[in-house]
Amino acid sequence: MRIALSQITTGPDPARNLAVLREQAHRAAEAGARAVVFPEAAMACFGTRLGPVAEPLDGPWATEVRRIAEEAGLVVVAGMFTPAADGKVTNTLLATGPGVEAAYDKIHLYDAFGFAESDTVAAGSEVVTIDVDGVRVGLATCYDVRFPELFRAHADAGAVLTLLPASWGAGPGKRDQWELLTRARALDATLWVAAVGQADPVASGGTVTSKAPTGIGHSAVVGPDGTVRQRLDAGPGLLVADIDPDEVAAVRRAIPVLANRRLRA
């Protein structure tokens, strides 16, 4: 299965960001991808007041994403914000396209490194997988990568690939952690991990004026043996990769960590 990771820098305007998604989705389709994955906060970047931009899954922004998926003829996965109780929002991944209509609400909120996502965002609770051309795919978001039990839950649900949109926070050692964690999650769940982050705003010609996690780039496709197969640098780019589901079965025969587990959540 061919997928595309669209490493972009989004701004505060959802309509402007939609135009970028449309252009990138068509580029991905022209490259033969069956799915294109956009970063967390594709709707509007962190550092934006999220309440005013949040919309329900049947609202105008999500409806336009569905139109983009239909136009391009592929599955689109993109981070957005939906209204939640008590004036908060939910950090949501919309997955839509041929045979697919699902949403994943980020379970693990980024309350770390001096940032408190839970101040404005409500946590999700449901593990979500989708099927793309007969391939089972799990959905996770950014800080979720620090929690291996979610990726193992994807594997237990039959997934051979986890899609991981992110808007990774910058700082000392953070790139090393991003690379280590994505590789570790692939290896300890023995599945493919496709991790797509927001491009570094500075590499996109912008500036960073807040502590909000606005991205560092370095999107990557990691094989089920933990090896990085393809990666991008800090700036914007479109990574197109072929995922071999059969490799997962081969790795799981050689390294049966899922079958050998003694402790389960």
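Residues numbered from 1 in each chain as written. Predicted model: local features only at pLDDT ≥ 70, side-chain atom pairs only at ≥ 80, totals over all residues. Heavy atoms only, no water.

Here we take up the overall build of the chain. Along its length, the chain carries six helices and 15 strands. For 265 residues, the compact-globule formula gives about 18 Å, and the C-alpha radius of gyration of the chain, at 17 Å, lands near that figure. Principal axes of the C-alpha set define a box for the chain whose edges measure 50 × 40 × 35 Å. Out of the 265 residues belonging to the chain, those deemed buried represent 54%. Excluding contacts between residues fewer than 6 apart, the proportion of contacts in the chain whose partners are at least 24 apart in sequence is 68%. Distance between charge centroids for the chain: 5 Å, based on 25 positive and 31 negative side chains. (Helix = DSSP H or I, 4+ residues; strand = E, 2+ residues; numbered from the N terminus. Rg over C-alpha atoms; globule rule 2.2 N^0.38 Å. Buried < 20%, exposed > 50% of the residue type's maximum accessible area, 1.4 Å probe, protein only. Contact = heavy atoms within 4.5 Å. Lys, Arg positive; Asp, Glu negative; His and termini not counted. Charge placed at Lys NZ, Arg CZ, Asp CG, Glu CD.)

Before going further, it helps to examine empty space enclosed by the protein. Under the criterion given, the structure shown has three cavities of 30 Å³ or more. If you add up the space inside the largest cavity, you get close to 50 Å³. Looking at the largest cavity, the residues that line it are Tyr-110, Cys-142, Tyr-143, Arg-146, Ser-167, Trp-168, Gly-169, Lys-174 and Pro-213. For the lining of the largest cavity, the per-class residue count stands at five nonpolar, two polar and two charged. Estimated volume of the second largest cavity: approximately 40 Å³. If you trace the second largest cavity, you find it lined by Trp-178, Glu-179, Thr-182, His-218, Ala-220, Val-222, Val-228 and Arg-231. Breaking the lining of the second largest cavity down by element, the ones donating at least two residues are helix 5 (174-189), strand 13 (220-222) and strand 14 (228-231). Taken together, the residues that form the lining of the second largest cavity break down as four nonpolar, two polar and two charged. (1 Å grid on protein atoms, 1.4 Å probe; cavity = no way out; pocket = protein on both sides within 12 Å on 5 of 7 lines; lining within 4 Å. Points joined across faces, edges and corners; volume = space filled by probe spheres on them. Nonpolar A, V, L, I, M, F, W, Y, C, P; charged D, E, K, R; others polar.)

Burial along strand 9 (residues 129-132) is one-sided: Ile-130 and Val-132 are buried, and none of Thr-129 and Asp-131, which face the opposite way, are. Pairing of strand 9 with strand 10 (residues 135-139), which is carried by four bridges, proceeds in the antiparallel orientation. For Val-132, the partnering residue across the bridge sits in strand 10 and is Val-135. Taken together, strand 9 and the strand that follows it, strand 10, pair antiparallel across an intervening segment of two residues, in which Asp-133 is found at a positive phi of about 50 degrees. (Pairing = 2+ DSSP bridges.)

With that settled, consider the pattern of salt bridges. When the charged atoms of two side chains with opposite charge come close together, those side chains can pair. A complete count under the given rule lists 16 salt bridges for this structure. Note that Glu-64 is salt-bridged to Arg-22, the shortest N-O span being 2.4 Å. Here Arg-22 lies in helix 1 (residues 14-30) and Glu-64 lies in helix 3 (residues 60-72), a separation of 42 residues in the sequence. Here Arg-22 falls in the partly exposed class, since its relative accessible area comes to 24%. Between Lys-106 and Glu-117 there is a salt bridge whose closest N-O contact spans 2.9 Å. Separated by 11 residues along the polypeptide, Lys-106 in the loop between strand 5 (100-105) and strand 6 (111-112) and Glu-117 in the loop between strand 7 (115-116) and strand 8 (121-122) bring together distant segments of the chain. (Salt bridge = Lys/Arg side-chain N within 4 Å of Asp/Glu carboxyl O.)

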